[in-house]
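Chain and residue survey
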Amino acid sequence: MLASFDTHLFWTALTSSPYWRGALLALALTAAALSTAVVGGFFLALGRESSSRAVRTLVFLYNWIFRATPTLLQLLFIWNALPQLWPVFAGTWFTPFVAAYIALSLNEAAYMCEIIRAGLLSVDPGQELAGRALGMKRRRILRRVIVPQAIRIIIPPTGNEFITLLKLTSLASVISLQELLTASQNLAAVKFQYVESYLAALVYYLVIVSILMAVQSRLERRFTWTSRRRSPVLAPAVPAISQSDAR
Amino acid sequence: MSMLRADGVHKRYDDLEVLRGVTFEVEPGQVKVIIGPSGSGKSTLLRCLSLLEEPDAGEVSLEGKRPGPGDVGMVFQKFNLFQNMTALQNVMIGLVEVRDLPKNEARAQALEFLERVGLADKTAQYPDELSGGQQQRVAIARALVMRPKAMLFDEPTSALDVELVREVLDVMESLAREGMTMVVVSHELRFAHHVASSVLMMDEGRIVEEAPPEEFFTSPKQERTKRFLSLVE
Ligand SMILES: Nc1ncnc2c1ncn2[C@@H]1O[C@H](COP(=O)(O)OP(=O)(O)O)[C@@H](O)[C@H]1O
Ligand SMILES: [Mg+2]
């Protein structure tokens, strides 16, 4: 053990309210933004495959803007510039959490669009053909046949996006959201004991990601279709750490 | 009146004219077997007959009318069973989603049809857990349960290992004996010999010859048919 490690301080930090509140906030923000982005990304993905050229172009522009610019800039824009553009955003309801939720949802939807689109396209076209031969309507085929099969493909990369987003929530400390990083920064600033302060935050991130991995492998099994529930072979149950962390 | 009829059907994909005016009809209870080289438009013709594909010109009719959803059953070369559903769910879904039957009713009928194709013990299996022959029989049950007026088969045995071909042909033969109106694209010439009312030769988007099997195989009139038969046999 390191000579200067203060176990007591580490433990106090770990169990202190700013830390677990911060962790809860990060988790809530990630879950909320990702859920919204999945729904948004689904419709963007349908838009990318739309027969209307105008719709396809709009989706392209959306993805281009949100993927080509830094997430931090998007966050600052929404927090600082939006209230100047539209007075509705100047109200008290527009908290750092809401601003971060909007920014991360919009940003993540552009990434989820590509993931969901790839998932939908990976389903064998023969599946839709068979549905149409039975007389099923397109929408029903999408819902009963294509989407469930695409979900299996979409789960692992979405797990990666969850991890990326979780880490991105620390960006919201710049708009004074009291998340995990803020908690550890504050403690470190008071005590000058960086090791204990940061390590406590690190533990929370690790715990959250471990819970996610467990949920993910359960989901993957749920979307693997065999009567004997063997473990999925298509993709690793443990998400590879995303390579797109440059955001 | 004929059961199923194609009248001057044309279909093109961009520059490629795949069907160049196909006319033929199938009387109730008849089985027509279509043969022809790869790319001659056989699959496209079946897709037009089941209205999976809209003809550019010409008409398709079932008992004189445009076929409704599920009225013409289709069986594919690669089975195309829904991968996320058990055998039973595959057979039920059309009844639930298209015929609006309550689930328990649909289940009872689906079980009956799975039994008919000899798969009463495989209802809970997913497609991945079935052999090709079993998958194709589920696919036949899935189409039959909709009570189609005609059945189309697009090379139903050509994706199967040889030892699995028989079980699928047996189901098709018994279906033919029961009087189902069928159009079958297949190069199983013995099946054509035994079961077909007539055999059609398709080439470059046209039907170039049609005759009863005896005549078709022993004394084909067209040079193209002779050449093709010598290649297949
Ligand atoms: N959806 C499609 N789009 C473009 N070309 C197609 C399509 N379907 C079939 N074709 C073309 O039409 C021709 C006939 O195809 P097909 O009907 O599948 O022939 P067959 O079943 O006799 O082998 C082929 O050249 C094929 O490439
Ligand atoms: Mg074909």
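Below: a short report on this structure. All values reported here derive from a predicted model rather than from experimental measurement.

**Details of the layout of surface pockets**
Residue and element names in this part refer to chain A. Here the largest pocket is characterised by a volume of approximately 590 Å³. Taken together, 20 residues make up the lining of the largest pocket; nearest its centre are Leu 46, Leu 120, Glu 128, Leu 142 and Ile 146. Those elements giving two or more residues to the lining of the largest pocket turn out to be α2 (17-48), α5 (96-121), α6 (125-133) and α7 (138-168). Here the lining of the largest pocket gets 6 residues from one element, more than from any other, and that element is α7. Counted by class, the lining of the largest pocket contains 12 nonpolar, no polar and 8 charged residues.

**Observations concerning the sheet that holds strand β9 (residues 206-211) of chain B**
All names here are of chain B. In space, the 6 strands of this open sheet follow the order β5-β6-β7-β3-β8-β9, with mixed pairing throughout. The strands lining the two open edges of the sheet, one partner per strand, are β5 (72-75) and β9. Adjacent strand axes in the sheet meet at a mean angle of 20° when their direction is disregarded. Taken together, the 5 bridges between strand β8 (residues 198-203) and β9 define a ladder with antiparallel strand orientation. Bridge pairing links Met 202 to Ile 207 in β9. The strands touched by helix α8 (residues 223-232) are β3 (31-35), β8 and β9; relative to β8, the strand with the most contacts, the crossing angle is about 100°.

**Quick word on the packing of aromatic side chains**
Residue and element names in this part refer to chain A. Per the stated rule, a full pass over the model turns up 12 aromatic pairs over all chains. Aromatic side chains Trp 79 and Phe 94 sit 5.9 Å apart centroid to centroid with 25° between the ring planes, which places their arrangement in the stacked category. Of this pair, Trp 79 sits in helix α4 (residues 71-85) while Phe 94 sits in the loop between α4 and α5; the two residues are 15 residues apart in sequence, bridging distant segments of the chain. Assessed through its relative accessible area of 23%, Trp 79 is described here as partly exposed. Since its relative accessible area comes to 5%, Phe 94 is described here as buried. For the ring pair Trp 93 and Phe 94, a centre distance of 5.4 Å and an interplane angle of 70° mean the geometry is edge-to-face.

Reading the values: rules and limits
Residues numbered from 1 in each chain as written. Chains lettered and ligands numbered in written order. Predicted model: local features only at pLDDT ≥ 70, side-chain atom pairs only at ≥ 80, totals over all residues. Heavy atoms only, no water. 1 Å grid on protein atoms, 1.4 Å probe; cavity = no way out; pocket = protein on both sides within 12 Å on 5 of 7 lines; lining within 4 Å. Points joined across faces, edges and corners; volume = space filled by probe spheres on them. Helix = DSSP H or I, 4+ residues; strand = E, 2+ residues; numbered from the N terminus. Nonpolar A, V, L, I, M, F, W, Y, C, P; charged D, E, K, R; others polar. Pairing = 2+ DSSP bridges. Axes fitted to C-alpha atoms, helices over the stretch in contact; angles between N-to-C directions. Contact = heavy atoms within 4.5 Å. Phe/Tyr/Trp six-rings, centres within 6.5 Å; stacked < 30°, edge-to-face > 60°. Buried < 20%, exposed > 50% of the residue type's maximum accessible area, 1.4 Å probe, protein only.

Scope: geometric values only; no functional claims are made or implied.
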